[in-house]
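Each chain, written out:
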Amino acid sequence: MPTIGINSTNSSFWVKNSAYFRLKNVNLGAKLPEKLAKKLGMNSARVYVSGQNLFTITQFWKGFDPEINNNSAEFYPLMTTYTVGLNLKF
């Protein structure tokens, strides 16, 4: 007699393709030409922008991270972070 309330039947219902493509980290920077920096009264100047966890392309369940091997869904979602900065040397 089957047990009520327990799913013991083998099934591929919950099996998902967890292949993914992720852009995880990008850093871009540019240094001001030395002549222009000197004209502005600086030794050097550099501007930069950085991004972490910019996007993920996957067919996995929405909101789930395909890198996490966790069947209970107990994880924090990935946060997208942008950083912009300016380095000045006088």
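Residues numbered from 1 in each chain as written. Predicted model: local features only at pLDDT ≥ 70, side-chain atom pairs only at ≥ 80, totals over all residues. Heavy atoms only, no water.

Caption draft 1: Fine view of the side chain of Asn-53. Along the chain, the position of Asn-53 falls in strand β2 (residues 44-58). Here Met-79 takes part through its backbone oxygen, which lies 3.3 Å from a polar atom of the side chain of Asn-53. Filtering out sequence-adjacent residues up to four positions away, Asn-53 remains in contact with Arg-22, Leu-23, Lys-24, Leu-78, Met-79 and Thr-80. (Helix = DSSP H or I, 4+ residues; strand = E, 2+ residues; numbered from the N terminus. Polar contact = N/O pair within 3.5 Å; in protein donor to acceptor, adjacent residues only side chain to side chain. Contact = heavy atoms within 4.5 Å.)

Caption draft 2: Highlighting unusual backbone geometry. Residues other than glycine seldom take positive phi values, yet Asn-53 does so here, at roughly 55°. When its relative accessible area of 17% is taken as the criterion, Asn-53 is described as buried. (Buried < 20%, exposed > 50% of the residue type's maximum accessible area, 1.4 Å probe, protein only.)

Caption draft 3: The pattern of salt bridges, seen in detail. Tallied over the entire structure, the rule returns three salt bridges. Here Asp-65 makes a salt bridge to Arg-22, at a shortest N to O gap of 2.9 Å. Highlighted residues: Asp-65 in the loop between β2 and β3 (81-89) and Arg-22 in strand β1 (residues 20-31), separated in sequence by 43 residues. For the pair Asp-65 and Arg-22, one class covers both residues: buried. (Salt bridge = Lys/Arg side-chain N within 4 Å of Asp/Glu carboxyl O.)

Caption draft 4: The arrangement of the sheet that holds β2 in detail. Spatial ordering of the open sheet is given by β1-β2-β3, a layout of three strands whose pairing is antiparallel. Looking along the sheet, the strands with just one partner apiece sit at the ends: β1 and β3. Adjacent strand axes in the sheet meet at a mean angle of 10° when their direction is disregarded. Across 11 bridges, β1 lies against β2 in antiparallel orientation. Bridged to Gly-29 within β2 is Tyr-48. (Pairing = 2+ DSSP bridges. Axes fitted to C-alpha atoms, helices over the stretch in contact; angles between N-to-C directions.)

Caption draft 5: A look at the packing of aromatic side chains. Tallied over the entire structure, the rule returns one aromatic pair. Seen from their ring centres, Phe-21 and Phe-55 are 6.1 Å apart, and the 40° between their planes marks the pair as tilted. Of this pair, Phe-21 sits in strand β1 while Phe-55 sits in strand β2, and the two are 34 residues apart along the sequence. Taking the relative accessible area as the measure of exposure, Phe-21 reaches 52% and is therefore exposed. (Phe/Tyr/Trp six-rings, centres within 6.5 Å; stacked < 30°, edge-to-face > 60°.)

Caption draft 6: Focus on a nonpolar patch on the surface. A grouping of Val-47, Leu-86, Leu-88 and Phe-90 is seen on the molecular surface, where their side chains present a nonpolar patch of about 420 Å² in accessible area. Among the structural elements, Leu-86 can be located in strand β3. (Patch = residues over 30% accessible without salt bridge, like charges linked within 9 Å, V, L, I, M, F, W, Y side chains within 5 Å. Areas by Shrake-Rupley, 256 points an atom, 1.4 Å probe, with all protein chains shown as cover.)

Caption draft 7: Here's a closer look at the pairing of β2. As judged from the nine bridges shared by β2 and β3, these two strands associate in the antiparallel manner. Looking across to β3, one finds that Ser-50 is bridged to Thr-83.

Caption draft 8: Highlighting the environment of Leu-88. Inspection of the secondary structure assignment puts Leu-88 in strand β3. On the basis of relative accessibility, which here comes to 39%, the residue Leu-88 falls in the partly exposed class. Taking the C-alpha atoms as reference points, Leu-88 and Arg-46, separated by 42 residues in sequence, lie 6.6 Å from one another. Not counting residues up to four positions away in its chain, the partners in contact with Leu-88 are Met-42, Ser-44 and Ala-45.

All we've got here are geometric facts, nothing functional implied.
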